Structures are given as C-alpha cells and as structure tokens.
Amino acid sequence: MKIGIIGYGSMGKMLAENFLAAGIADKDSLYLANRTIAKLQEMEGRAKLCQSNAEVAAAVNFLFLCVRPVDIKNILEEIADSVRADALVISLNGSVSFAQLEKILYRNCAHKIAKMIPSVTAEINKSQSLVCYNNMVEDVDKAGLCEILKSLGEVIELPENEIGMGSELVSCMPGFIASIFDVICQSAKKHTEISSEQIVQMVLKTVSATSELMLKKEMTFEDVVSRVATKGGITEEGAKVIYDGLPEVADLLFEKTLEKRRQTTKKAEELF
C-alpha cells in the first residue's frame, strides 16, 4: 500500500507524521508533494519527496488532497491524467462536491473518490474523522481507508449531504468548546483571586473528566445535571441560567456557521 499527500501545510504535515508514527507508512511508501518544495526538506529520509503532484498521483493507492479550495481545481487538472485507475482519491475539502471533483477527475475514466474531514484532536489520536464516498468506492476501498484513518482516531461515515453539519459537530467543535470555556473562565476571574492559569486548569480537567464519566457510564447531559443539581441548590441556579440563555446563542452559532458553509460551497461551484 502506497500513500500520497499533496499539500504539506498543517493538515498534510499532521497526516504524514501520524501515518509514519503509527507504522501505516514508511519512507518507501509515503509520497509527498508541495507547491513550495523546500518545505518538504524536513521529511528528507522519512518519505519520498516528489517534484510534482502528478508524480505522487501516479505512484499511490491512496491519494490525500490537503489543499485550499482556491487551489484544488488546478491540482485536479494537474493530476487527472496521472491518477491510477485503482486509486482512491481523498479530498479534505468538504465544500467541493463529488460532482465537481468528478467533473475533472473523470477525464479518462471514472475514479474512486472520498471526502474526509479530520479534527485537530487527531494530534493526540483522538479524532473523529468524517468520511463519505462517491458511488465508485467499494467496501474493500472503505476498509483500506478506515485502516489508515484509525491512526488518527475513530472513523465516522456520513452521507455527503450531512458532512457540513457533521463538520460543525466534530471538526469545528473544538473551537466552539474552547470559545465557550474561555468566556466562562474570563467571567470566573472577575469573582475570585484564583489565578487565570489555575482557573483554566481546573475547568479543563473537570470538562475532560465529565466527558469520560459520561462516555464510560453512558450518561446523558440530563443525567449529569440531575446528579449534580440538587433541588433548590447552587448548581440548579446556574443550570437554569444556561438553559435560559444559551439556546439562543447556540441557534445563532449554527445559523451563522451553516450559512458561511453555504457561501463557501457557492464559491466552489463558481470556481468549477
């Protein structure tokens, strides 16, 4: 099995490092290409450094496209004649549809294509990587990709039309969660002499432990609230504030992000 990565930015680098660390690939089976070839020098001796995108496409069974939406059309044009007939092309761009990818990649023959959305938590092998497939992909291809992506964490298959919302819940969520608890920690600081650093540590460890508790005990959010918020108690008072005020913020969050996603998809359509 040979794996190729086109685009050696933060995501391409993360994939390469994870695949090597997990033993999914080695210096003879990992192929890399990047617009600025000098950026690949840190991988000298650890992977095959290619001079062109087409060189990568011609060599591998699994080809990851880790490039910006604005660049992906040109990349596809470069590799369309070189992609192996048996290869699975994996785009990390959720805004570009299968129809748009196929429009260029199907120049010579129909190709197997997947889309994959990772999370920043892949850096600690805790990603929930979202995947969807076009109708050319067979079960053996899915199994092969899942085996690769298990080095990042869990793999979740969704239909293409649900990848957007899935991305909000998995890929974007670390940013949303960090924003929420940043606000809470800043507010807490106004009412205490405890240092900001200690506040953050206390909250993060409590969030981590609460998540682990819920997953191990198969508890719902309501279960946790009922366990902690005694009738007429302090937690109940705080929980009421959250349930009264946060739904409006959460609704607005998804309205804004999904609208931004629609705009990004429209730009991709115009590009293709």
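Conventions we followed
- Residues numbered from 1 in each chain as written.
- Predicted model: local features only at pLDDT ≥ 70, side-chain atom pairs only at ≥ 80, totals over all residues.
- Heavy atoms only, no water.
- Helix = DSSP H or I, 4+ residues; strand = E, 2+ residues; numbered from the N terminus.
- Buried < 20%, exposed > 50% of the residue type's maximum accessible area, 1.4 Å probe, protein only.
- Contact = heavy atoms within 4.5 Å.
- Areas by Shrake-Rupley, 256 points an atom, 1.4 Å probe, with all protein chains shown as cover.
- Lys, Arg positive; Asp, Glu negative; His and termini not counted.
- Charge placed at Lys NZ, Arg CZ, Asp CG, Glu CD.
- Pairing = 2+ DSSP bridges.
- Axes fitted to C-alpha atoms, helices over the stretch in contact; angles between N-to-C directions.

Along the protein, the regular secondary structure elements total 10 helices and eight strands. The buried share among the 272 residues of the protein stands at 39%. Excluding contacts between residues fewer than 6 apart, the proportion of contacts in the protein whose partners are at least 24 apart in sequence is 65%. Accessible area for the protein stands at about 15500 Å²; split by element, carbon and sulfur atoms hold 56% of it. In the protein, 31 side chains carry a positive charge and 38 a negative one; their mean positions are 3 Å apart.

All right, on to the sheet that holds strand β7 (residues 127-133) then. Overall, mixed pairing links the eight strands, which are arranged β3-β2-β1-β4-β5-β6-β7-β8 in an open sheet. Edge positions in the sheet fall to β3 (48-49) and β8 (153-157), since each has one partner strand and no second. Sheet topology note: the strand β1 (residues 3-6)/strand β2 (residues 30-33) ladder contains four bridges and is parallel. Note on β2: the bridge partner recorded for I3 is L30. Packing against the sheet, helix α3 (residues 69-79) makes contact with β1, β4 (62-65) and β5 (88-91), and its axis sits at approximately 150 degrees to β4. Lying on the sheet, helix α4 (residues 98-105) is in contact with β5, β6 (112-117) and β7; it crosses β6 at an angle near 140 degrees.

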